Amino acid sequence: MKGAQQLDTSMKFSVNRESLLRPLQQVAGVVERKQTLPVLSNLLLQVQDDKLSMTGTDLEVELIGRVGVSDAEPGDITVPARKLVDICREIPDKANIDFSLNENRIEIRSGRFRSTLSTLPAVDFPSVDHSDPELTTELDSKAFKNLLDKTAFAMAQQDVRYFLNGMLIEIGEGHVRSVATDGHRLAMSDLDQEGLTGDVKQVIVPRKGVIEIQRLLQELEDKVAVAVGSTHLCATSSMFTLTTKLVDGKFPDYQRVIPRDGDKIVMADKQELRQALSRTAILSNEKFRGIRFSLASGQLQLSANNPEQEEAEETVSVEYQGDSLEVGFNVSYLQDVLSVIENERVRVTLADANSSAVLEDPELEDAIYVVMPMKL
């Protein structure tokens, strides 16, 4: 059992719809629709000291949202997540909502509306391990979200190498770093963080944990405290606490994957390259999404074809002086990188037809992207 004492007979509170709805939707978003345990379809509501805590979990990620309430009597209970969200969403703007617990049913009143929801005891709600963290740091929420956004797209989705279905977070020596790879491409981003000294700590956050942290950071303006333990990562702000299990596994040595010997440097207009890739890709093989780069002095020719013998090609003007080179890539991987680089220009570094391409923002050194070549 968590938090407040079990007071099933008397819990009650009043809250404004606006202050309740956003944190409620955020917390309910963690709850999976199909559950083996009925209590996992519920949210844990706990009232104490004029504060309502709402907790949702799927046993991998736990999110707690906090909101101020009035006319409160302490207690705790669990209620169906989706039904509660749907009811509160349909109540008129700026209305007050009164909650009261009577004989294991929660009554919800607002204006002339009244409903009752079934409940399950709070004691049945699973608790996530919040053991003492080994490392804690405070990050700007927008900068932290930007760090994750720059790399999250490269996480694997259902790889048998389970440690790739997530993101490496590395904290220490003055930086926080995020790294993601699916074995065909790699994304790495850095955030300078003063005050971080000592050993570097590496943890793998599972895919769902990363997505939920991104979703949460979108709502936050202030700082977020990030605490890392042996089995969990916890992100806390004034309104929310998100805890995610960590993946138990060894992440690949990403430094070895980044090619350092490329001598063919191409500078291109990002938007022009992106649009040319999108046009050419329409006629690439739908399964393999292959596109051919033919590089010559001052120009890059893109070409694609498919099993129906259809083909497309386009030439893009680029800054490049050097030997000719032909190499194939998965066009989706290139488009993903171009969508997260903020600069108007992009630098592409190549070595030969069998080497990975390195894509970077030419002005910022906070992120690096590696895309493996493919045989066409």
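Structure's up top.
Residues numbered from 1 in each chain as written. Predicted model: local features only at pLDDT ≥ 70, side-chain atom pairs only at ≥ 80, totals over all residues. Heavy atoms only, no water.

1. Section: the overall build of the protein
Scanning the protein from terminus to terminus reveals seven helices and 25 strands. When the backbone C-alpha atoms are referred to their principal axes, the protein occupies close to 80 × 50 × 35 Å. Sequence separation of at least 24 residues holds for 68% of the intrachain contacts in the protein that already meet a minimum separation of 6. Where the 41 positive side-chain charges of the protein centre and where its 60 negative ones centre are 5 Å apart. (Helix = DSSP H or I, 4+ residues; strand = E, 2+ residues; numbered from the N terminus. Contact = heavy atoms within 4.5 Å. Lys, Arg positive; Asp, Glu negative; His and termini not counted. Charge placed at Lys NZ, Arg CZ, Asp CG, Glu CD.)

2. Let's talk about the environment of Gln-271
Residue position: Gln-271 is located in helix H6 (residues 270–281). A relative accessible area of 39% means that Gln-271 is categorised as partly exposed. Gln-271 sits 53 residues away from Ser-324 along the chain, and the two C-alpha atoms are 23 Å apart. (Buried < 20%, exposed > 50% of the residue type's maximum accessible area, 1.4 Å probe, protein only.)

3. Here we look at H6
The end-to-end C-alpha distance of H6 is 16 Å, a good match for the 16 Å that 12 residues give at a rise of 1.5 Å each. Listed as buried for H6 are Lys-270, Leu-273, Ala-276, Leu-277, Thr-280 and Ala-281. Axial view of H6: buried residues confined to an arc of 135°, hence all on one face. Against strand S18 (264–269), strand S19 (290–296), strand S20 (299–305), strand S21 (311–317), helix H7 (331–340) and strand S23 (345–350) lie the buried residues of H6. One side-chain oxygen at the N-terminal end of H6 lies 3.1 Å from the backbone nitrogen of Gln-271; it belongs to Asp-269. (Expected span 1.5 Å × (residues − 1). Arc of directions from axis to C-beta. Polar contact = N/O pair within 3.5 Å; in protein donor to acceptor, adjacent residues only side chain to side chain.)

4. Quick look at the nonpolar core
Of all hydrophobic cores here, the largest spans 98 residues; its most connected members are Leu-20, Phe-99 and Leu-359. Sorting elements by how many residues they give to this core places H7 first, with six residues. When near neighbours in sequence (up to four residues on either side) are disregarded, Leu-359 contacts Leu-334, Val-337, Leu-338, Val-346, Arg-347, Val-348, Ile-368, Tyr-369 and Val-371. Listed in part, the 15 residues of the second largest apolar core include Ala-156, Phe-251, Ile-258 and Val-358. (Core = buried A, V, L, I, M, F, W, Y, C linked by side-chain atoms within 4.5 Å.)

5. A closer look at the environment of Ile-91
Looking at the secondary structure, you find Ile-91 in the loop between helix H2 (81–90) and strand S7 (96–102). Non-local contacts of Ile-91, meaning those with residues more than four positions away in its chain, are made with Arg-17, Ile-97, Ser-110 and Phe-113.

6. A look at the packing of aromatic side chains
Across all of its chains, the model carries four aromatic pairs by this definition. Judged by centre distance (5.9 Å) and plane angle (35°), the ring pair of Phe-153 and Tyr-369 falls under tilted. Here Phe-153 is found in the loop between helix H3 (141–149) and strand S11 (166–172), whereas its partner Tyr-369 is found in strand S25 (residues 367–371), with 216 residues between them in sequence. Between Tyr-162 and Phe-163 the ring centres are 5.7 Å apart and the planes differ by 75°, which places this aromatic pair in the edge-to-face class. Accessibility expressed as a relative area gives 46% for Tyr-162, which makes it partly exposed. (Phe/Tyr/Trp six-rings, centres within 6.5 Å; stacked < 30°, edge-to-face > 60°.)

7. Topic: the pattern of salt bridges
All told, the structure shown has 23 salt bridges when counted by the stated rule. As a salt-bridge pair, Glu-32 and Lys-208 come within 3.0 Å of each other at their nearest N and O atoms. Remark: Lys-208 occurs in helix H4 (residues 207–217) and Glu-32 occurs in the loop between helix H1 (17–28) and strand S2 (42–48); sequence separation between them is 176 residues. Two residues, Glu-170 and Arg-177, come together in a salt bridge whose shortest N-O distance is 3.6 Å. Both residues of the pair, Glu-170 and Arg-177, belong to the buried class. Linked by salt bridges that have partners in common, Arg-17, Glu-18 and Asp-93 make up one network. (Salt bridge = Lys/Arg side-chain N within 4 Å of Asp/Glu carboxyl O.)

8. Side note on the side chain of Ser-237
Mapped onto the elements of the fold, Ser-237 is located in the loop between strand S16 (232–236) and strand S17 (240–245). A relative accessible area of 9% places Ser-237 in the buried class. Those residues in contact with Ser-237, other than ones at most four positions away along the chain, are Arg-66, Leu-220, Asp-222 and Lys-223.

9. Thoughts on the pairing of S19
Taken across its seven residues, S19 has five buried, putting it largely inside the fold. Across six bridges, the pairing between S19 and strand S22 (residues 325–330) is antiparallel. Within S22, the residue paired with Gly-290 across the bridge is Asn-330. Linkage of S19 to S20, two consecutive antiparallel strands, is achieved through a turn of two residues, within which Gly-298 is found at a positive phi near 75°. (Pairing = 2+ DSSP bridges.)

10. A few points about the sheet that holds strand S9 (residues 113–118)
Consider a sheet: its strands pair through backbone hydrogen bonds, and that pairing is either parallel or antiparallel. With antiparallel pairing, the five strands of this open sheet are ordered in space as S5-S1-S7-S8-S9. The strands lining the two open edges of the sheet, one partner per strand, are strand S5 (70–73) and S9. Neighbour-to-neighbour, the strand axes of this sheet turn through a mean angle of 20°, independent of strand direction. The pairing of strand S8 (residues 105–110) with S9 spans six bridges and is classified as antiparallel. By the bridge assignment for S9, Ser-110 is matched with Phe-113. Here H1 sits on the sheet and contacts strand S1 (12–16) and S7; the angle it forms with S1, its principal contact strand, is near 95°. (Axes fitted to C-alpha atoms, helices over the stretch in contact; angles between N-to-C directions.)

11. So, H7
Of all 10 residues in H7, seven are buried, a share of seventy percent or more. Looking only at H7, the buried set comprises Val-331, Tyr-333, Leu-334, Gln-335, Val-337, Leu-338 and Val-340. The opening residue of H7 is Asn-330, an N-cap whose side-chain oxygen sits 2.8 Å from the backbone nitrogen of Ser-332.

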